[in-house]
Amino acid sequence: MNRSIIEQDLKEVYQRKIPWEKLEGKTVLVTGAYGMLASYLVYMLIYLNEKAGMHIQILAVVRSEEKLRERFLEFAQRSYFKVYKSELDAPISIAEDIHYIIHAASLASPQYYKVCPVEVLKPNTVGNYYLLELAAEKKVEGYLFFSTGDVYGVVEGRSSIKENDYGSMDTLDIHNCYSESKRMAETMCRAWQQQKEVPVKIARICHTYAPTMDVEHDTRVFASFVNDIIRKKDIVMKSSGRSKRTFCYIADALAAFFLILFCGEKGEAYNVCNTEEFYSIADLAQILVGLYPDRQLKVVRKDREKGDVYVENSVANSVPFDNSKLKRLGWETNYDVRTGFRQVIEGIGQKEEDERGDAYAGNQYFDTDIQ
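In every chain, residue numbers begin from 1 and rise along the written sequence. Where local features are concerned, this predicted model is filtered to residues with pLDDT of at least 70; where side-chain atom pairs are given and counted, the filter is 80 or more; whole-chain, interface and lining totals use all residues. Note: side-chain values were computed over all heavy atoms of the structure, leaving out hydrogens and water.

Undergrad: How do you make sense of the environment of Asn323 when you look at a structure like this?
TA: Only DSSP runs of H or I covering at least 4 residues are called helices, and only runs of E covering at least 2 are called strands; the numbering of each starts at the N terminus. Among the secondary structure elements, Asn323 is positioned in the loop between β13 (299-301) and α9 (324-327). Separated by 163 residues in sequence, Asn323 and Ser160 place their C-alpha atoms 9.4 Å apart.

Undergrad: What am I meant to see in the environment of Ala223 here?
TA: Mapped onto the elements of the fold, Ala223 is located in helix α6 (residues 221-230). Judged by its relative accessible area of 0%, Ala223 falls in the buried class. A C-alpha to C-alpha distance of 9.2 Å links Ala223 and Ala210, two positions 13 residues apart in sequence. The contact rule is simple, with two residues in contact once any of their heavy atoms fall within 4.5 Å. If we ignore the near neighbours within four places in the chain, the residues touching Ala223 are Met213, Val215 and Asp218. Relative accessibility under 20% of the residue-type maximum defines a buried residue, over 50% an exposed one, and the middle range a partly exposed one, all with a 1.4 Å probe and only protein chains included.

Undergrad: Whenever I open this one, unusual backbone geometry confuses me. Can you help?
TA: Backbone phi values are negative for most residues with the exception of glycine, while trans is the configuration of most peptide bonds. Positive phi values are uncommon outside glycine, yet Leu73 reaches one of about 50°. Since its relative accessible area comes to 27%, Leu73 is described here as partly exposed. Although it is not a glycine, Glu197 sits at a positive phi angle of roughly 60°. Inspection of the secondary structure assignment puts Glu197 in the loop between α5 (176-196) and β6 (200-205). A relative accessible area of 68% places Glu197 in the exposed class.

Undergrad: What is the right way to look at the packing of aromatic side chains in this model?
TA: Two aromatic rings are characterised by how far apart their centres lie and by the angle between their planes. Each pair of aromatic rings taken from Phe, Tyr and Trp, with Trp reduced to its six-membered ring, is defined by centres within 6.5 Å and is described as stacked if the planes are under 30 degrees apart, edge-to-face if over 60, and tilted in the remaining cases. The final tally for this structure, using the stated rule, is 19 aromatic pairs. On the basis of an interplanar angle of 40° and a centroid distance of 4.5 Å, the ring pair of Phe146 and Phe257 is categorised as tilted. Of this pair, Phe146 sits in strand β5 (residues 142-148) while Phe257 sits in helix α7 (residues 250-263), and the two are 111 residues apart along the sequence. Distance and angle both matter: a charge sits over a ring if NZ of Lys or CZ of Arg is within 6 Å of the ring centre and within 35 degrees of the ring normal. The ring of Tyr292 has Arg295 sitting right over it, with the charged end atom 4.1 Å from the ring centre. Just above the ring of Tyr292 sits the side chain of Arg342; from NZ or CZ to the centre is 5.1 Å.

Undergrad: I keep staring at the nonpolar core and nothing clicks. Help me out?
TA: Most often, soluble globular proteins have nonpolar side chains that are buried together. Put simply, buried Ala, Val, Leu, Ile, Met, Phe, Trp, Tyr and Cys residues joined by side-chain atoms within 4.5 Å make one nonpolar core. One finds Trp20, Leu23, Phe81 and Phe258 to be the most contacted residues of the largest nonpolar core, which totals 88 residues. Sort the elements by how many residues they give to this core and α7 lands first, with 12 residues. Counting residues in each nonpolar core, the second largest holds 26 residues, with Tyr84, Leu132, Phe145 and Met188 among its members.

Now the structure itself:
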């Protein structure tokens, strides 16, 4: 049986210079565990148990147990895997020791910012409070918070954006329910580190894409573009396409998350971005249709429909983020947008074909032995 895209990614990341031994015999709590990014973290922990012979306890904190079991299938039944259902609006009662907490739960798509801004900001503030208190109680070895490049606001007069660059942000712009709550969460992390010695690390995640994207419901432009390609439809672009972004494939981002957790400085933030892959939205659309010339697809420009709840980012910067601080931890990128998006398109497309044929099984992620 051919290895799945996800397994290929996990094996490739495992072979990087990351001190995996720090996880041996440890318990790791992950919030938002079935999400696009966090699920890859959990897959990696499963992979380390199943294929590297490690002993890692996984505590998955989720809103829906059903969605978690759909994502991880029989692996969610393993003895090393425990599920906690929580909205992160109250303390989580956990008796056992916890060594690492990774707080990844967040509604990160602009489709939510106008519709349910309260639910967007709660995990970053209220949820973060309860998790930091839990971290202090358990005396964890590491606390990784998933933040965002949106915290910078509008940065002017820079050729790139470093971790100590900050610009303006309109607190009353509803889009900023996300970015302002992430700013507050970072300050909270720093406060708990200062006063209660919680070893916090912060990953400021920029545009990251993965085979775990829900392209049917995720309205972010790159997810919509992928869905169009999979459906063999022309890409529909609902903006001028001039805005530029750095695009990072999930395998590179996954390596960054673990390096920050294990090797990052306490109380510090790190830009997680692939600076070399800095493209306008229009350029990305053209690259994606170019991946499959036989499909003869093109890019079509259309206006958003009246009443569309998608809230475009009014503070988008036109310069790339600087990842040199992360690179000093030994991080490197192995995927450009052509390679990465092909992984995503083929991974999602194959999954759908397997499901239609009733052949999709969780253990396909781990068919091959680690070399």
